[in-house]
Amino acid sequence: MGSLASWFKSLTLVHIFLGYVFLTSSGIIAVLQLSTLLIRPVSPYYYRYSNIILVEFAWYQLMFLATCWSGSKFDIYSHSPSMDSVGREHALVTMNHCYELDFIVGWLGAVHYNMLGSAKIVAKKALKYLPLIGLQFSMTESIFLSRDWKVDQHNLMNDLHKVTLCPRPTWLLLCPEGTRFTTEKHKTSLEYMRRNNLPELQHHLAPRAKGFQAAVTALKGKFPALYDITTGFHTNNTGKEPSFLSMLSGVPFHAELIYWRIDLDDIPTDTEGNIKYLYKIYQFKDEAMDYFHRHDTFRGFSDFKQIDYVDKSHWCLLVETVWVVLLGLPLIVVLVNLLIAGAYTTLAVIALVTLLASLGMRKMIAYTEKSTSSAYGRSSPHKQQ
């Protein structure tokens, strides 16, 4: 039975069906999100709240793939008292960017603390133009950077102010490394750290300080905490890291996360002090990842303990089921009727559209892959800070 289910989940036709449900539902959600622009001048509060709810109906489908579909799991390690306020306070979140699925794991954490719709990201501007997904991030007021500080500085401060107006507790996810870890980028990063007498990081790139300093400065007094998240994925002795495509094919992954809560008031805002504190955070992350690579777990690292959390994956299953019933089943009925009626020309057109949609979906998946990561970080980091 297990092998039959695995075979079914690996079928390209099944992937296309799931992609159709996600893209079509996202299109419906996009129309509803754009309609909320009408209420923004009257009530910015309800505009923001509406978009939080709407976007969850899209993003829960991705979380369905990670939980119910692939059967993946993740463990959280932290100091118990520091987790009491998670989900009940605004927080700046820093996270390592080493894997293709680290953003999925970050979202899983948001799901289990009821933060998914109000979670925001700081990301490269290209993501803003990704069909449908870019609109979802834009309407929930995520922040997009062109990676030119002269251009970004003013826009960033305005966007950070908007984040503080979120009507629900929110996370603002910032990856200070600025790009996904690769061997080539790490070599360049090491040269930069040695040249500037900075602590050398073996498992991370040199963090960009300017965006981090701006975020801490703007959010102090409004956001009480910074959550530093360090993520590690088990490779099950295969040497292969999980990918979005493997998750879509039903292959489970097992991730572990360290949550380290830091009072935002403890982080200096002056340039020198802020850089030192940022590197202190990354030296901790480097020690944690070194431990993980040696032991294949964070269990036993420092004084962090595994934390129990309430499983919220049933919401992912419920949302996916609703969309499949509303959009998937009618499609199947239409296709069967066309086949019975012998409308082969119409079926051929549908097949062509399906092929094009499949190629589009594959291109969107490629956006998450290491092999297609940006060139950012291949030149000296100080030029890009």
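As a reminder, the structure under discussion sits directly above these lines.
Residues numbered from 1 in each chain as written. Predicted model: local features only at pLDDT ≥ 70, side-chain atom pairs only at ≥ 80, totals over all residues. Heavy atoms only, no water.

A. Focus on the state of the cysteines. Tallied over the entire structure, the rule returns zero disulfides. No disulfide involves C98; its nearest neighbouring cysteine sulfur is the one of C175, lying 9.5 Å away. Accessibility expressed as a relative area gives 8% for C98, which makes it buried. C166 takes part in no disulfide bond, and the closest cysteine sulfur, belonging to C175, lies 19 Å away. (Disulfide = S-S within 2.5 Å. Buried < 20%, exposed > 50% of the residue type's maximum accessible area, 1.4 Å probe, protein only.)

B. Just the packing of helix α3 (residues 44-69) against helix α4 (residues 102-112), in detail. Their axes nearest at 10 Å, the elements α3 and α4 cross at an angle of 105°. If you check the angle between α3 and α4, you find them roughly perpendicular. On α4, the residues that touch W59, Y60, L62, M63, A66 and T67 of α3 are I104, W107, L108 and V111. A class-by-class count of the residues in the contact of α3 with α4 yields nine nonpolar, one polar and no charged. (Axes fitted to C-alpha atoms, helices over the stretch in contact; angles between N-to-C directions. Helix = DSSP H or I, 4+ residues; strand = E, 2+ residues; numbered from the N terminus. Parallel < 35°, antiparallel > 145°, perpendicular 65-115°, else oblique. Contact = heavy atoms within 4.5 Å. Nonpolar A, V, L, I, M, F, W, Y, C, P; charged D, E, K, R; others polar.)

C. Just a nonpolar patch on the surface, in detail. Together, L38, I39, Y45, Y46, Y49, I53 and F57 make up an exposed nonpolar region whose accessible area comes to about 690 Å². For F57, the location among the structural elements is in helix α3. In this structure F57 comes out as partly exposed when scored by relative accessible area, which is 39%. (Patch = residues over 30% accessible without salt bridge, like charges linked within 9 Å, V, L, I, M, F, W, Y side chains within 5 Å. Areas by Shrake-Rupley, 256 points an atom, 1.4 Å probe, with all protein chains shown as cover. Salt bridge = Lys/Arg side-chain N within 4 Å of Asp/Glu carboxyl O.)

D. Fine view of the packing of aromatic side chains. On inspection of all chains with the given rule, the structure shows 20 aromatic pairs. Relative to F284, the ring of W260 lies with its centre 4.6 Å away and its plane at 50°, an arrangement referred to as tilted. Of this pair, W260 sits in strand β7 (residues 254-263) while F284 sits in helix α10 (residues 271-295); the two residues are 24 residues apart in sequence, bridging distant segments of the chain. According to the relative accessible area criterion, W260 is buried, its value standing at 17%. Aromatic side chains F284 and F304 sit 5.6 Å apart centroid to centroid with 45° between the ring planes, which places their arrangement in the tilted category. Of this pair, F284 sits in helix α10 while F304 sits in the loop between α10 and β8 (305-307); the two residues are 20 residues apart in sequence, bridging distant segments of the chain. The pair F284 / F304 is uniform in exposure class, with both members buried. A network of ring pairs unites the aromatic residues W260, F284, Y291, F301 and F304 as a single cluster. Here the guanidinium or amino end of K9 rests over the ring plane of W69, the centre of that ring lying 5.4 Å away. Directly above the aromatic system of Y47 lies the positively charged group of R40, at a separation of 5.2 Å from the ring centroid. (Phe/Tyr/Trp six-rings, centres within 6.5 Å; stacked < 30°, edge-to-face > 60°. Lys NZ or Arg CZ within 6 Å of the ring centre and 35° of its normal.)

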